[in-house]
Amino acid sequence: MTYLPQIAFLAILAVAGFMLFGRIRQIRKNILLGRSIDRSDRKSERWKTMLLVAFGQRKMFKRFIPAFFHFFIYAGFLIINLEVLEFVLDGILGTHRLFAPLLGSIYGVAINFFEFLALAVLVACVVFLIRRNILRVPRFTKPEMKGWPALDGNLILVIESILMLAILTMNATDQLLQEQMPEPYHQTGNLYISSVLIPLFDGMSTGTLVVVERFAWWFHIIGILAFAIYVTYSKHLHIFMAFPNTWYSNLNAKGKFENMETVTNEVKMMLGIQSDQAAPPAEVGRFGAKDVVDLSWKNLMDAYACTECGRCTSECPANITGKKLSPRKIMMDTRDRVEEYGSFLAKGGEPGTDGKSLLGDHISKEEINACTTCNACTEACPVNIDPLNIIVQMRQYVAMEESGSPASWNTMFSNIENNFAPWKFPPSDRFKWADELKQEPSND
Ligand code: SF4
Ligand code: SF4
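Here the structure is a predicted model, which is why all the values come from computation and not from measurement.

Asker: Describe the site of ligand 2, with residues and values.
Answerer: The local shell around ligand 2 holds 13 residues, among which C306, C309, G310, C312 and C381 are the closest. The site holding ligand 2 turns out to be the largest cavity. Among the residues forming the shell around ligand 2, the class breakdown is eight nonpolar, two polar and three charged.

Quick look at the structure:
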């Protein structure tokens, strides 16, 4: 019977691990639905970008107040999770505070530090809940933030707050039990923050204290395992995805557009120029992107890394002037679509037969046409996401495969094709204005 908690813990750990592994495998498969691009060059620059942007939160600090509170949640997540290692080992081995006898007085110092972080996380979560729900910061109230995205944002803050309260409750009752049952409740020294909660439990019988302490322990560890699975369905996946996503950032100068390889090769063939490709492809791929499979795996990774913070949308001139475009929505739609298509395939669907697509079913032409290609969204994004790249690929599809761009754009395209400039004048007339100036009588 004494092994029952260990057996229960191992069973919970196995189920959580199985679910988590399945979900990670599905997300990886979904990202790899995208076409290939090479982002393995300039490795030292990539490590530096990841360390500065993801680990160092550099772009977050452009807005100090949210960055300050976010930093506590981030540091709390990274550091308090060290304590989870002890939770897991205690659960497997049937011990209690395994590291306490090994670390001696250092253990008390470490737990006090974790408690400080737990309190900081709690305060940050409350501040963020107030900003979202009472102050109603505009970027959290845009149309794409209705329903599940708003609930998701609130849920995670509430869950984190409850998990932090569970740690503090566990430590408060543990301190009372240390006096009454020296075994297995090891001395930790005074734990300053949870001590504040002791009056709530003072006077309870030893048995009740053990029940409360054990309940808080189980609640915390099961909560963390459930949180880990939930995160894979939530925008909070950015906790993990921010790191690879910044490593694979686009390191080219913002605004630099890549030539479309398919078009370059076609033009070279027309002009009789030797193509870099050994042989022309059997089937010419789609020009631009209509669906997630036409985007690159990095575009799809971007979608999974999006924190839905709305910094891109709040900087977007199209959105500010009331246009339908929101770069955050572009990323949310891309993620929704890749999840939808990935689960269609996972259920045995034939590729390309679900009758839906990213452009049309999720994103409208009105949205992509509103983009000024200013790059403000990519500059603002704290995890180096590039919504513009997706917008441009969809525009290329509309222009080249559907000839569906607005009439004024089509005129501009044909002018560029025929006159090498957006205007209707032939190249031979381009300096006419200068020649006319020369002929004007001088006032001197
Ligand atoms: S590039 Fe387009 S989507 Fe991004 S901020 Fe500028 S207008 Fe908005
Ligand atoms: S694309 Fe970047 S800036 Fe925009 S919502 Fe997502 S994480 Fe925030």
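Next comes the rest of the account.
Asker: Quick one: what's the story with the site of ligand 1, residue by residue and with numbers?
Answerer: Inspection of the region around ligand 1 gives 13 residues, with C316, C371, T372, C374 and C377 positioned closest. According to the grid-proximity analysis, the pocket containing ligand 1 is the second largest cavity. When its residues are assigned to classes, the shell around ligand 1 shows 10 nonpolar, three polar and no charged.

Asker: Talk me through empty space enclosed by the protein; I want residue IDs and the actual numbers.
Answerer: The gaps of empty space that remain are located by a probe, the size of a water molecule, rolled over the atoms. Using the criterion set out here, one finds three cavities of 30 Å³ or more in the structure. The space that makes up the largest cavity amounts to roughly 100 Å³. Lining of the largest cavity is provided by 14 residues; of these, C306, C309, C312, C381 and I385 occupy positions nearest its centre. The set of elements that each furnish at least two residues to the lining of the largest cavity consists of α13 (311-315) and α15 (327-346). In the lining of the largest cavity, the residues fall into nine nonpolar, two polar and three charged. In this structure, the second largest cavity encloses a volume near 80 Å³. Taken together, 14 residues form the lining of the second largest cavity, with C316, L325, C371, C374 and C377 sitting closest to its centre. The set of elements that each furnish at least two residues to the lining of the second largest cavity consists of α14 (317-320), α18 (376-380) and α19 (387-401). Of the residues that constitute the lining of the second largest cavity, the class distribution is 11 nonpolar, three polar and no charged.

Asker: I'd like a rundown of the UniProt feature "transmembrane region" (unreviewed entry) in the chain, residues and numbers included.
Answerer: Listed under "transmembrane region" (unreviewed entry) in the UniProt record, and renumbered for this structure, are residues 6-24, 64-85, 105-130, 151-172 and 215-233. Here residues 6-24 is 100% helix and 0% strand, with 26 Å between the C-alpha atoms at its ends.

Asker: Can you explain the environment of H220? Please cite residues and give values.
Answerer: When you line up the elements, H220 lands in helix α9 (residues 206-231). Using a relative accessible area of 2% as the deciding quantity, one classes H220 as buried. There is a polar contact of 3.2 Å between the side chain of H220 and the backbone oxygen of L163.

Asker: I'd like a rundown of helix α3 (residues 64-93), residues and numbers included.
Answerer: Its 30 residues place the ends of α3 44 Å apart at the C-alpha level, agreeing with the 44 Å of an ideal helix rising 1.5 Å per residue. Along α3, the helix axis deviates most sharply at L82, where the bend reaches about 30°. At the exit of α3 stands G94, carrying a positive phi of roughly 75°.

Asker: Can you tell me about the side chain of R23, naming the residues and giving the values?
Answerer: Following the sequence through the fold, R23 ends up in helix α1 (residues 4-31). In terms of polar contacts, R23 uses its side chain to reach the backbone carbonyl oxygen of T232, at 2.9 Å. A polar contact of 3.1 Å, which involves the side chain of R23, links it to the side chain of E339.

Asker: Give a detailed account of the pattern of salt bridges, specifying residues and quantitative values.
Answerer: Tallying each qualifying case throughout the model produces 19 salt bridges. The salt bridge partner of E144 is R328, with a shortest N-O separation of 3.0 Å. Highlighted residues: E144 in the loop between α5 (105-133) and α6 (148-180) and R328 in helix α15, separated in sequence by 184 residues. Overall, the relative accessible area of 13% leaves E144 in the buried class.

Asker: Tell me about the packing of helix α2 (residues 43-55) against helix α10 (residues 238-247), and name the residues and values.
Answerer: Two numbers describe a pair of packed helices, the interaxial angle and the distance between the axes. Where α2 meets α10, the closest approach of the two axes is 7 Å, and the angle between their N-to-C directions is 145°. Note that α2 runs across α10; the crossing there is right-handed. Side by side, α2 and α10 meet where K43, R46, W47, T49, M50, V53, A54 and F55 of the first sit next to A242, F243, T246 and W247 of the second. Considered class by class, the residues forming the contact of α2 with α10 number eight nonpolar, two polar and two charged.

Asker: Tell me about the packing of α3 against α6, and name the residues and values.
Answerer: Put simply, α3 and α6 touch, their axes get as near as 13 Å, and they point 50° apart. Taken together, α3 and α6 sit at an angle that is classed as oblique. At the point where α3 passes α6, the crossing takes the left-handed sense. On the side of α3, the interface is formed by I73, I80, E83 and F87, while α6 contributes L157, E160, M164, I167 and M170. Within the contact of α3 with α6, the residues separate by chemical class into seven nonpolar, no polar and two charged.

Asker: Any chance you could break down the packing of aromatic side chains for me, citing the residues and the numbers?
Answerer: Taken as a whole, this structure holds 16 aromatic pairs when the rule is applied. Directly above the aromatic system of Y233 lies the positively charged group of R23, at a separation of 4.1 Å from the ring centroid. Sitting above the plane of the F140 ring, R132 keeps its charged end 4.3 Å from the centroid.

Basis of the calculations
- Residues numbered from 1 in each chain as written.
- Chains lettered and ligands numbered in written order.
- Predicted model: local features only at pLDDT ≥ 70, side-chain atom pairs only at ≥ 80, totals over all residues.
- Heavy atoms only, no water.
- Near = heavy atom within 4 Å.
- 1 Å grid on protein atoms, 1.4 Å probe; cavity = no way out; pocket = protein on both sides within 12 Å on 5 of 7 lines; lining within 4 Å.
- Sits in = over half its atoms within 2 Å of the grid points.
- Nonpolar A, V, L, I, M, F, W, Y, C, P; charged D, E, K, R; others polar.
- Points joined across faces, edges and corners; volume = space filled by probe spheres on them.
- Helix = DSSP H or I, 4+ residues; strand = E, 2+ residues; numbered from the N terminus.
- UniProt positions renumbered as here; feature names shortened; annotations may be inferred.
- Buried < 20%, exposed > 50% of the residue type's maximum accessible area, 1.4 Å probe, protein only.
- Polar contact = N/O pair within 3.5 Å; in protein donor to acceptor, adjacent residues only side chain to side chain.
- Expected span 1.5 Å × (residues − 1).
- Bend = angle between axes of the 7 residues up to and from the residue.
- Salt bridge = Lys/Arg side-chain N within 4 Å of Asp/Glu carboxyl O.
- Axes fitted to C-alpha atoms, helices over the stretch in contact; angles between N-to-C directions.
- Left-handed = near helix turned anticlockwise from the far one by under 90°.
- Contact = heavy atoms within 4.5 Å.
- Parallel < 35°, antiparallel > 145°, perpendicular 65-115°, else oblique.
- Phe/Tyr/Trp six-rings, centres within 6.5 Å; stacked < 30°, edge-to-face > 60°.
- Lys NZ or Arg CZ within 6 Å of the ring centre and 35° of its normal.

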